[in-house]
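Here's the letter readout for the chains.
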Amino acid sequence: MNEQMLKNDWAEILKPEFDKPYYSELRAFLKEEYATETIYPAIDDIFNALHYTPFQKVKVIILGQDPYHGPNQAHGLSFSVQPEVKLPASLRNIFKELQNDLGYSIPGHGYLIEWAKQGVLLLNTVLTVKAGQAHSHKNRGWEIFTDQVIKSLNTKHDSVVFILWGSAAQKKAEMIDTSKHFIITAPHPSPLSAYRGFFGSSPFSQTNNLLRKAGLEEINWLLPDKKEYLS
């Protein structure tokens, strides 16, 4: 839960955060929580979004709320699950929109690592959660930390597409310089809100159009077959 856990260029960028009082309090809180409760994701997976998508590679960020709170689901990438895990409802809705937007068949798995490797930062606004209790680690300090991630991305010379799904993610919009970067917003893809404007929002084609406009390589949103990950 400190800078030693970051192995790429994010380590230097975020190093000042680990010395701030809010993070010391967050670290103490998480130490107690992991020792006494079931917390997701596993402690070594908390920063996976940053591990898989170095700062210099970020072209797109998909910002969620907090991790899945069911067993075996969260692994540190927003909306993603391991290949053998049943698709959560929000991710199934994301794939429905992907199908509507680009015509791709709904994947047989929810492992989004290939998106992350292409420069899609799959980040939540809060990086941990207590089992079965959504938003249970809200207002403990993670929001300050992820604010700094957003502010750091805002300094990038190349344009970044910020995909903000749901009100928690959209609160970050005020930090983004829209003269240089792009923002795509929609309701959260959960079953409670997907029909209020998430479906039909075409975030994937919108993103690629914006990347192309900025002279950047588009994202291949088509995921590999599940069998590539199960051996």
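Here's the deal with the packing of aromatic side chains
Following the criterion strictly, the structure yields 17 aromatic pairs and no others. For the pair Trp115 and Trp221, a centre-to-centre distance of 4.9 Å together with 85° between the ring planes defines the contact as edge-to-face. Linking Trp115 in helix α5 (residues 113–117) with Trp221 in the segment after α8 (203–213), this pair joins segments that are 106 residues apart in sequence. You can call Trp115 buried: its relative accessible area is 1%. The class for Trp221 is buried, based on a relative accessible area of 0%.

Regarding the side chain of Thr146
Structurally, Thr146 is set in helix α6 (residues 142–154). Look at Thr146 and you get buried, because its relative accessible area is 0%. In this structure the side chain of Thr146 is engaged in a polar contact, spanning 3.0 Å, whose partner is the side chain of Lys172. Those residues in contact with Thr146, other than ones at most four positions away along the chain, are Leu123, Asn124, Thr125, Leu127 and Lys172.

Some points on the nonpolar core
Counting residues in each nonpolar core, the largest one holds 71 residues, and the members touching the most others are Trp10, Phe47, Trp115, Leu121, Trp142 and Phe145. With sequence-adjacent residues up to four places away left out, Trp115 is seen in contact with Ile62, Ile94, Phe95, Leu98, Val120, Leu122, Phe204, Asn220, Trp221 and Leu223.

Here's the deal with the pattern of salt bridges
If the charged atoms of two oppositely charged side chains come close together, the side chains can form a pair. With the rule as written, the count across this model stands at five salt bridges. Lys20 is the salt-bridge partner of Glu17, the closest N and O atoms lying 2.8 Å from each other. Overall, the relative accessible area of 3% leaves Glu17 in the buried class. In this structure Lys20 comes out as partly exposed when scored by relative accessible area, which is 32%. Its salt-bridge partner being Lys130, residue Glu33 comes within 3.9 Å of it at the nearest N-O pair. Within this pair, whereas Glu33 is found in helix α2 (residues 21–36), its partner Lys130 is found in strand β4 (residues 129–130), the two being separated by 97 residues in sequence. No difference in accessibility class separates Glu33 from Lys130, as the two residues are buried.

Analysis parameters
- All residue numbers here refer to positions counted from 1 along the written sequence of the relevant chain.
- In keeping with the model being predicted, local features are shown solely for residues with a pLDDT of at least 70 and side-chain atom pairs are shown and tallied solely at 80 or more, while totals for entire chains, interfaces and linings include all residues.
- For the side-chain quantities, the full set of heavy atoms in the structure was used; hydrogens and water were omitted.
- Between 30 and 60 degrees the pair is tilted, below 30 it is stacked and above 60 it is edge-to-face, where a pair is any two Phe, Tyr or Trp rings, Trp via its six-membered ring, whose centres lie within 6.5 Å.
- Under the DSSP-based scheme used, a helix requires at least four consecutive residues in state H or I and a strand at least two consecutive residues in state E, with every element numbered from the N terminus.
- Whether a residue is buried, partly exposed or exposed follows from its accessible area with a 1.4 Å probe, protein chains only, as a fraction of its type maximum: under 20%, in between, or over 50%, in that order.
- Any N or O atom pair separated by 3.5 Å or less is treated as a polar contact, with the protein-specific requirement of one donor-capable and one acceptor-capable atom, and with residues adjacent in sequence counted only for side-chain atom pairs.
- In what follows, residue pairs with any heavy atoms lying within 4.5 Å of each other are defined as contacts.
- Grouping buried Ala, Val, Leu, Ile, Met, Phe, Trp, Tyr and Cys residues that are joined through side-chain atoms within 4.5 Å yields what is termed a nonpolar core.
- By definition here, a salt bridge exists when the distance from a side-chain nitrogen of Lys or Arg to a carboxyl oxygen of Asp or Glu is within 4 Å.

Function cannot be inferred from these measures alone, as they are strictly geometric.
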